[in-house]
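# A closer look at the structure
As a plain string of letters, each chain reads:
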Amino acid sequence: MPLQSRRMTGRVRRIPSKRRIRRTTRMPGKKKEEERKRLDEEIRLKREEWKRTEEELKKKRDDRKLQEEDKKREQEDKKREADRKRKDKENEEAEKKKKEAEERKHKAEEDHKLRLEREAKERDKAEKKRQEEEKRKDEENIKRREDLMQRIEQETQRRKEQQAAISVLSALQRFAEALPENYDRLKILFDRTVQMQLPLTGKQQDLLKAEVARVEKHTATYVQQIREQRSKFEVWTQTQQRKIAGA
């Protein structure tokens, strides 16, 4: 049976068949038999050699196949390891991103909370300031109203005092012109006006009081003098009339 060619070491010679050997070899007798045995032995050795060669080739092919399978498994293991590392890295990155997202969310929540607290404090501060400003304005308004009322009261009081002083001065002027005929009537009006209006004259009261006393004294003296003069004149007139009548 012809052998297949080698794959690793090149092609293998074909083994000559017995018929071909017999056809090419023409040897007589014993020598021929020995030559045939030698050829058979050579063929057997060659076949054994080729069989060993085939087994070695098969073994090499099997070893190569095993090596290729080992290499393939190794590559698959490396690929699985690479895939595992890649997945681990992806999971790690995803976990890192998730953690960063949670941290950003937490930070955003904290910032939002702090901003709300800051805004609440600012609103409280602004409200407190507004209330203080309103209180200050209310106090200023109250003070202005009080000052205005005080000025109005002072002005009213000043006018009352002025009016009272005018009333007293008018009474003084009328009373100062009194005569014996109207002295008693003017004196009653004068006393009534002084009694009612003099206490309302305020700061001018002392001055007007002194003037009232002076005018009262002067008017009383003046009226008394007029009465005495009139009395003397009547006495003189009666004396003169009696003289004329006696003559």
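From a predicted model like this one, the values you see are computed outputs, not experimental measurements.

### Quick notes on the overall build of the protein chain
When helices and strands are counted, the protein chain shows four helices and zero strands. Starting at the N terminus, the α and β elements of the protein chain follow one another as α-α-α-α. Among the 247 residues that make up the protein chain, the fraction classed as buried is 13%. Look at the contacts in the protein chain between residues 6 or more apart in sequence, and 68% of them connect residues 24 or more apart. A total of about 21,600 Å² of accessible surface is found on the protein chain, and carbon and sulfur atoms cover 50% of it.

### Concerning the packing of aromatic side chains
Enumeration according to the criterion identifies three aromatic pairs in this entry. Aromatic side chains Phe175 and Tyr183 sit 5.5 Å apart centroid to centroid with 35 degrees between the ring planes, which places their arrangement in the tilted category. Take Phe175 and Tyr183: they sit in the same class, and that class is buried. These aromatic residues form a ring-pair network of at least three members: Phe175, Tyr183 and Phe190.

### Topic: the packing of helix H2 (residues 29-176) against helix H3 (residues 183-197)
Look at H2 against H3: their axes get within 9 Å of each other, and the N-to-C directions meet at 165 degrees. It follows that H2 is roughly antiparallel to H3 by the angle criterion. Regarding H2 and H3, the two cross each other, and that crossing is left-handed. Together, Ala164, Ser167, Val168, Ala171, Leu172, Arg174 and Phe175 of H2 and Tyr183, Leu186, Lys187, Phe190, Thr193 and Gln197 of H3 make up the contact between the two elements. Its residues placed into classes, the contact of H2 with H3 shows eight nonpolar, three polar and two charged.

### So, the confidence of the model for the protein chain
Note: predicted coordinates in regions of low pLDDT should not be interpreted at a detailed level. Overall, the prediction assigns the protein chain a mean pLDDT of 82, with 88% of residues at 70 or greater. Ranking the helices and strands of the protein chain by mean pLDDT puts H3 first, with 91, and helix H1 (residues 18-24) last, with 48. Long-range and interchain partners of residues 1-13, a stretch whose pLDDT sits below 50, account for 17 contacts in this model, where long-range means more than four residues apart. The model gives residues 21-25 a pLDDT under 50, and that stretch makes five contacts with residues more than four places away or in other chains.

### Structural notes on the pattern of salt bridges
Applying the stated rule across the entire model yields 26 salt bridges. A salt bridge links Glu155 to Arg158, with the nearest nitrogen and oxygen atoms 2.4 Å apart. With Glu155 and Arg158 both in helix H2 and three residues apart, the pair spans about one turn of that helix. Using a relative accessible area of 28% as the deciding quantity, one classes Glu155 as partly exposed. Overall, the relative accessible area of 41% leaves Arg158 in the partly exposed class. Measuring nitrogen to oxygen at the nearest pair gives 2.2 Å for the salt bridge that ties Glu181 to Arg230. Placement of the pair is Glu181 in the loop between H2 and H3 and Arg230 in helix H4 (residues 205-246), with a sequence separation of 49 residues. Using a relative accessible area of 37% as the deciding quantity, one classes Arg230 as partly exposed. A cluster of three or more residues bridged by salt bridges with shared partners is formed by Glu133, Arg136, Glu140 and Arg144.

### Quick word on empty space enclosed by the protein
With the rule as written, the count across this model stands at one cavity of 30 Å³ or more. As a volume, the largest cavity reaches approximately 40 Å³. Contributing to the lining of the largest cavity are Ala171, Arg174, Phe175, Leu186, Leu189, Phe190 and Thr193. Those elements that provide at least two residues to the lining of the largest cavity are H2 and H3.

Calculation criteria
- Residues numbered from 1 in each chain as written.
- Predicted model: local features only at pLDDT ≥ 70, side-chain atom pairs only at ≥ 80, totals over all residues.
- Heavy atoms only, no water.
- Helix = DSSP H or I, 4+ residues; strand = E, 2+ residues; numbered from the N terminus.
- Buried < 20%, exposed > 50% of the residue type's maximum accessible area, 1.4 Å probe, protein only.
- Contact = heavy atoms within 4.5 Å.
- Areas by Shrake-Rupley, 256 points an atom, 1.4 Å probe, with all protein chains shown as cover.
- Phe/Tyr/Trp six-rings, centres within 6.5 Å; stacked < 30°, edge-to-face > 60°.
- Axes fitted to C-alpha atoms, helices over the stretch in contact; angles between N-to-C directions.
- Parallel < 35°, antiparallel > 145°, perpendicular 65-115°, else oblique.
- Left-handed = near helix turned anticlockwise from the far one by under 90°.
- Nonpolar A, V, L, I, M, F, W, Y, C, P; charged D, E, K, R; others polar.
- pLDDT = per-residue confidence, 0-100.
- Salt bridge = Lys/Arg side-chain N within 4 Å of Asp/Glu carboxyl O.
- 1 Å grid on protein atoms, 1.4 Å probe; cavity = no way out; pocket = protein on both sides within 12 Å on 5 of 7 lines; lining within 4 Å.
- Points joined across faces, edges and corners; volume = space filled by probe spheres on them.

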